[in-house]
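Residues per chain are reported as follows:
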Amino acid sequence: MNNWHLQQARRCVEQGGVLAYPTEAVWGLGCDPTNEDAIQRILDIKKRPWQKGMLVVAASLDQLDDYLLPLSAEDFQQVDVTWPGPVTWVLPCEEHVPALLRGEHNTLAVRISAHPQVRALCEVTGPLVSTSANPAGHEPARTLVQLRQYFSPSTIKRLKGSDVVDFVLPGQLGGQKQPSQIRTLDGRILR
């Protein structure tokens with residue numbers, strides 16, 4: 001990955017595009033978490049119900065300040081020891097977080113990634129929607145070939161006259177066998 005690729009990815013996100021990028025275990029789809037049109041496009045691409053909510057990935061906790069309610073010291077410690085890393089937490093979120101992002105919940109799934117490329121990406125774009133690159137009911141893409149099979153314009157009807165994925169950030173997966181674990185503050189493991 002070079003600086004040119006990161007700048008192209010930043011431009012894609014700023015222009016409301018959908019980006020594909022490698023994460024810890026699978027290829028992900030992302031966009032600006034404040035752009036509801038882009039979020040809707042990802043939901044349409046994946047055929048994912050909005051009620052489930054989406055995940056937001058960031059390079060640092062301060063990138064999530066506008067999304068999350070303050071945590072108690074105990075809750076913060078529980079979360080902080082797992083980050084950066086492949087653990088997603090479902091945390092209480094601000095009321096202004098769009099329903100397309102949080103689903104039918106008053107919480108938001110968030111992760112501070114340890115993957116160097118995801119961190120570098122979020123450093124230039126800010127936080128990103130991060131969802132596995134697969135149509136609902138299919139295995140997440142683990143190769144660039146699989147990503148292209150799932151999301152090529154010939155496979156899926158073009159949306160709003162544009163390619164299904166606007167930019168693919170080249171790179172390598174992080175070596176994890178499974179997508180990030182999803183935890184709640186009350187000790188449940190959702191995935």
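Calculation notes
Residues numbered from 1 in each chain as written. Predicted model: local features only at pLDDT ≥ 70, side-chain atom pairs only at ≥ 80, totals over all residues. Heavy atoms only, no water. Helix = DSSP H or I, 4+ residues; strand = E, 2+ residues; numbered from the N terminus. Rg over C-alpha atoms; globule rule 2.2 N^0.38 Å. Buried < 20%, exposed > 50% of the residue type's maximum accessible area, 1.4 Å probe, protein only. Contact = heavy atoms within 4.5 Å. Areas by Shrake-Rupley, 256 points an atom, 1.4 Å probe, with all protein chains shown as cover. Lys, Arg positive; Asp, Glu negative; His and termini not counted. Charge placed at Lys NZ, Arg CZ, Asp CG, Glu CD. Pairing = 2+ DSSP bridges. Axes fitted to C-alpha atoms, helices over the stretch in contact; angles between N-to-C directions. Core = buried A, V, L, I, M, F, W, Y, C linked by side-chain atoms within 4.5 Å. pLDDT = per-residue confidence, 0-100. Salt bridge = Lys/Arg side-chain N within 4 Å of Asp/Glu carboxyl O.

## Regarding the overall build of the chain
Secondary structure summary: the chain contains six helices and nine strands in total. Against the compact-globule benchmark of 16 Å for 191 residues, the chain has a radius of gyration of 16 Å, which places it among compact chains. Dimensions of the chain, computed from the C-alpha atoms along their principal axes, are close to 50 × 35 × 30 Å. Here the chain holds 191 residues, and the buried ones make up 49% of them. Restricting the contact set of the chain to residue pairs at least 6 apart, pairs at least 24 apart contribute 69%. Just so you have it, the chain exposes about 9500 Å², and 50% of that area is on carbon and sulfur atoms. Charged side chains of the chain number 19 positive and 20 negative; the gap between the two group centres comes to 11 Å.

## Describing the sheet that holds strand β3 (residues 55-58)
If you walk across this open sheet you meet the five strands as β6-β3-β5-β4-β9, and the pairing is mixed. Each having just a single partner strand, β6 (128-129) and β9 (181-184) make up the two edges of the open sheet. In terms of strand pairing, strand β4 (residues 87-92) meets β9 through four bridges, oriented parallel. Note that in β9 the partner of V87 across the bridge is Q181.

## Some words on the sheet that holds strand β2 (residues 27-30)
Taken in spatial order, the four strands make up an open sheet running β7-β2-β1-β8, and their pairing is mixed. Edge positions in the sheet fall to β7 (131-132) and β8 (167-168), since each of these pairs with one other strand and no more. Sheet topology note: the strand β1 (residues 19-22)/β2 ladder contains four bridges and is antiparallel. Counterpart to L19 in the pairing with β2 is G30. Against the sheet, helix α2 (residues 36-46) contacts β2 and β7, and its axis sits at roughly 135° relative to β2.

## Some words on unusual backbone geometry
Going from W83 to P84, the amide bond is cis rather than trans, its omega being -10°. Tracing the backbone shows P84 in the loop between α3 (73-80) and β4. A positive phi angle, close to 60°, is found at K47, a residue other than glycine. You can see K47 is positioned in the loop between α2 and β3.

## Quick notes on the nonpolar core
Of all hydrophobic cores here, the largest spans 36 residues; its most connected members are L29, I39, L101, L108, V110 and F151. At the level of secondary structure, the elements contributing two or more residues to this core comprise β2, α2, β3, β4, α4 (99-102), β5 (107-112) and α6 (144-151). In terms of residue count, α2 provides more of this core than any other element does, five residues in total. Membership of the second largest hydrophobic core comes to 19 residues, among which are L6, V57, L128 and L169.

## Quick look at the confidence of the model for the chain
Model confidence for the chain is summarised by a mean pLDDT of 91, while 93% of its residues fall at 70 or above. Scored below 50 in pLDDT, residues 156-163 shows 13 contacts in the model against residues more than four places distant or in partner chains.

## Points about the pattern of salt bridges
Evaluation of the coordinates by the stated rule reveals four salt bridges. R10 is the salt-bridge partner of E14, the closest N and O atoms lying 2.9 Å from each other. With E14 and R10 both in helix α1 (residues 3-14) and four residues apart, this pair spans about one turn of that helix. Given the relative accessible area of 21%, R10 is considered partly exposed. Ionic pairing is found between R188 and D186, a salt bridge with its closest N-O pair at 3.2 Å. Using a relative accessible area of 48% as the deciding quantity, one classes R188 as partly exposed.

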